[in-house]
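Descriptive structure summary
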Amino acid sequence: MIRRRKLRFLVVGAGMSGILAAIRLREAGHEDVVVLEKADRLGGTWRENRYPGLTCDVPAHAYTYSFAPNAEWSRYFAGADEIRAYFEKVAHDRDVLPLIRFNREVTDLSFGQGRWTATTRTGERFTADVVILASGVLHHPRTPDIGGLDSFAGKAMHSARWEDDVVLDGRRIGVIGCGSTGVQLICALADRASRLVHFQRSPQWIMPVVDFAYTDEERAAFRRDPALIDAIRYDPEYEGNVQRFTMGIVDPDSEAMHAIEELCRQNLEQNVADPVLREKLRPDYRAACKRLVYSPDYYARVQRPAVHVETGAIERIVPQGVRMRDGTIHELDVLALATGFHADRFIRPATVHGRNGVALDDLWAKRATAYFAITLPDFPNLFLLNGPTSPVGNFSLIDVAERQWQFVERLIGELANGNCDEICASAEAMAAYEARRLEAARGTIFASGCSSWYLDREGVPMTWPWSYQAFADAMVNPVMKDFERRATARAAD
Ligand code: NAP
């Protein structure tokens, strides 16, 4: 490729996607790359979340950059510390650490005179031709709107604001929330707490999975022969499961989805002995309507003597614990709020203004979206990774980001080759994409009758509503007529 224009890049966020972007940009020979990171460490969600029991429920060898396989994973499902260390090592090995400016939270991004200016909370300004928004999805904790939280005399904390020094062993602990986080917390605390109350507003379907440790011999073999790693990463059974799962999302009546439901149902029937508890744990909506919880041991742990599943309605938090509507008080020392995230915020509350002062807040007033999850009309040269309408589900978001990068790279190529100075989806293409997406999204399993963070305020899934294969194909084949390309007279720097 003959590069005619030297481009300056800003990457917002040094989590999984931001590190990927920085590595790919450097590999492509772009020299002017700055990564702005709000915190003092990289790692994104793996830095923010440090609650006991946190693991990634995607197999470790699949939750790995394709270009940086890792022979050292200790388990099939790796823990958070290991994953954070992996990203730190990759960033170090690929020499992108010097590009990261830590403690620089972007508060505003504005486009004018053919370039972007980022302002940080520290008041610094950075300019660039291209911005990669890699600021993540699940990073604005949702505190439950339960009265009296401030009155609690013990320690209450959101799962993404975990404090390591809080004593857990032998304590009376409550966990509010039954998503992937709440379930992992229960599994980790069931044998540590003197009493563990799982406050469960809606039970979850649990997909049975098997976790295991890799032996030293296996890790040595992985080091010697990377093909062994590939055999796990590209395991036809795992890949087949992902394909079937994503087909099931798209077609709730498919055999694939019925098979998933049956697996979850059998898991419940066969592994929860007490019929009263079994009914407490039985959801009244379809499996995979909410993000499926994958757990090797939730049903075993929840039947431990210290664990009590509370399905009544919480009235309020009181100094000694949680008071239920029927008057029962669960006395607690620690209250874990596994109550999820505001998943529709993305880069916000930072303000973003595109051409002619168009505000992202206005564009996203009804719902957050982006053309093929990557670009927005009037926001030229601004590209999102894992942005709104990206595929979500029980598969690797690293794979999602790597595929999205293929699309982004193609658009960057238009700029670097001098074909245009500004590129973004046209308003017509965005509208057509979103209309088609909304129609398809309403037919997915996510819209089959439950609440979840996948849904927007109108109850429509915010997600990619087609098959994973369709996503993979779209990422390598941007429809170039859908883009508005302009030449601008750029101001001298
Ligand atoms: P979540 O899936 O949004 O679950 C939040 C839970 O809190 C739900 O059970 C919800 O109940 C409950 N809740 C919220 N407000 C409540 C209230 N006022 N009273 C009682 N219950 C309340 O959040 P999450 O578990 O943190 O998971 C979020 C996402 O993070 C996951 O879906 C996944 O994508 C990701 N994650 C991934 C992993 C992994 O291993 N890869 C691990 C953890 C998290 P309702 O269902 O009734 O609303």
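Residues numbered from 1 in each chain as written. Predicted model: local features only at pLDDT ≥ 70, side-chain atom pairs only at ≥ 80, totals over all residues. Heavy atoms only, no water.

1. Section: the site of the ligand
Near the ligand you find 25 residues, and of these Cys178, Thr181, Ser202, Lys290 and Trp453 are the closest. Side-chain polar atom of Gln184 to an oxygen atom of the ligand: 3.3 Å apart, as the coordinates give it. The side chain of Arg201 places a nitrogen or oxygen atom 2.9 Å from an oxygen atom of the ligand. When the ligand sits alone it has 910 Å² of accessible area, and the protein chains cover 85% of it. (Near = heavy atom within 4 Å. Polar contact = N/O pair within 3.5 Å; in protein donor to acceptor, adjacent residues only side chain to side chain. Areas by Shrake-Rupley, 256 points an atom, 1.4 Å probe, with all protein chains shown as cover.)

2. Quick notes on the domain arrangement of the chain
With domains assigned, the chain is organised as domain 1 (8-139 + 343-492) and domain 2 (149-337). Just the C-alpha atoms count here: the centres of domain 1 and domain 2 sit 28 Å apart. The partner domain 2 presents 46 residues to the 47 residues of domain 1 that form the contact. The largest per-residue losses of area from domain 1 upon contact with domain 2 belong to His61, Asn394 and Ile445, which jointly make up 18% of the total buried on that side. On inspection of domain 1 and its partner domain 2, the count reaches five salt bridges. Taken together, the residues of the side of domain 1 that touches domain 2 sort by class into 21 nonpolar, 20 polar and six charged. (Domains from an automatic or database assignment. Contact = heavy atoms within 4.5 Å. Buried area = accessible area lost by both parts, 1.4 Å probe. Salt bridge = Lys/Arg side-chain N within 4 Å of Asp/Glu carboxyl O. Nonpolar A, V, L, I, M, F, W, Y, C, P; charged D, E, K, R; others polar.)

3. Quick word on the pattern of salt bridges
All chains considered together, the criterion is met by 46 salt bridges. The shortest N-O distance in the salt bridge between Glu48 and Arg161 comes to 3.5 Å. In this pair, Glu48 is assigned in helix 2 (residues 45-48) and Arg161 in the loop between strand 8 (155-158) and strand 9 (172-176), connecting sequence segments 113 residues apart. You can call Glu48 buried: its relative accessible area is 16%. Overall, Arg161 belongs to the partly exposed group, its relative accessible area being 42%. Where Arg355 meets Glu422, a salt bridge forms, and the shortest distance between an N and an O atom there is 2.8 Å. Of the two residues, Arg355 is situated in the loop between strand 18 (351-353) and helix 11 (360-363) and Glu422 in strand 20 (residues 422-425); the sequence distance between them amounts to 67 residues. Residue classification places Glu422 among the buried residues on the basis of a relative accessible area of 2%. Here the salt bridges do not stand alone but share partners, grouping Glu262, Arg265, Glu269, Glu279 and Arg282 into one network. (Helix = DSSP H or I, 4+ residues; strand = E, 2+ residues; numbered from the N terminus. Buried < 20%, exposed > 50% of the residue type's maximum accessible area, 1.4 Å probe, protein only.)

4. Details of the sheet that holds strand 10 (residues 195-199)
The five strands are arranged 8-17-9-10-13 in an open sheet whose pairing can be described as parallel. The two strands at the open ends of the sheet, each matched to only one other strand, are strand 8 and strand 13 (307-310). Each strand axis lies, on average, 15 degrees off the axis of its neighbour in the sheet, ignoring direction. Inspection of the sheet shows strand 10 paired to strand 13 by four bridges, in the parallel sense. Bridging across to strand 13, Leu196 finds its partner in Val307. Where helix 4 (residues 180-189) meets the sheet, it contacts strand 9, strand 10 and strand 17 (334-337), and its direction lies at approximately 160 degrees from that of strand 9. (Pairing = 2+ DSSP bridges. Axes fitted to C-alpha atoms, helices over the stretch in contact; angles between N-to-C directions.)

5. Some words on the state of the cysteines
In this structure the tally under the stated criterion is one disulfide. Here Cys289 pairs with Cys450 through a disulfide, and the sulfurs are 2.1 Å apart. Here Cys289 and Cys450 share a disulfide; its torsion about the S-S bond, -100 degrees, makes the bridge left-handed. A residue pair is termed long-range when its members are at least 10 positions apart, and Cys289 in the loop between helix 9 (275-280) and strand 12 (293-295) and Cys450 in the loop between helix 13 (427-441) and helix 14 (468-476) qualify at 161 residues. Classification of Cys450 by relative accessible area gives buried; the value is 16%. Lacking any disulfide linkage, Cys56 is separated from the closest cysteine sulfur, that of Cys187, by 15 Å. The exposure class assigned to Cys56 is buried, which follows from its relative accessible area of 7%. Free of any disulfide, Cys420 has its nearest neighbouring cysteine sulfur in Cys424, separated by 9.4 Å. (Disulfide = S-S within 2.5 Å.)

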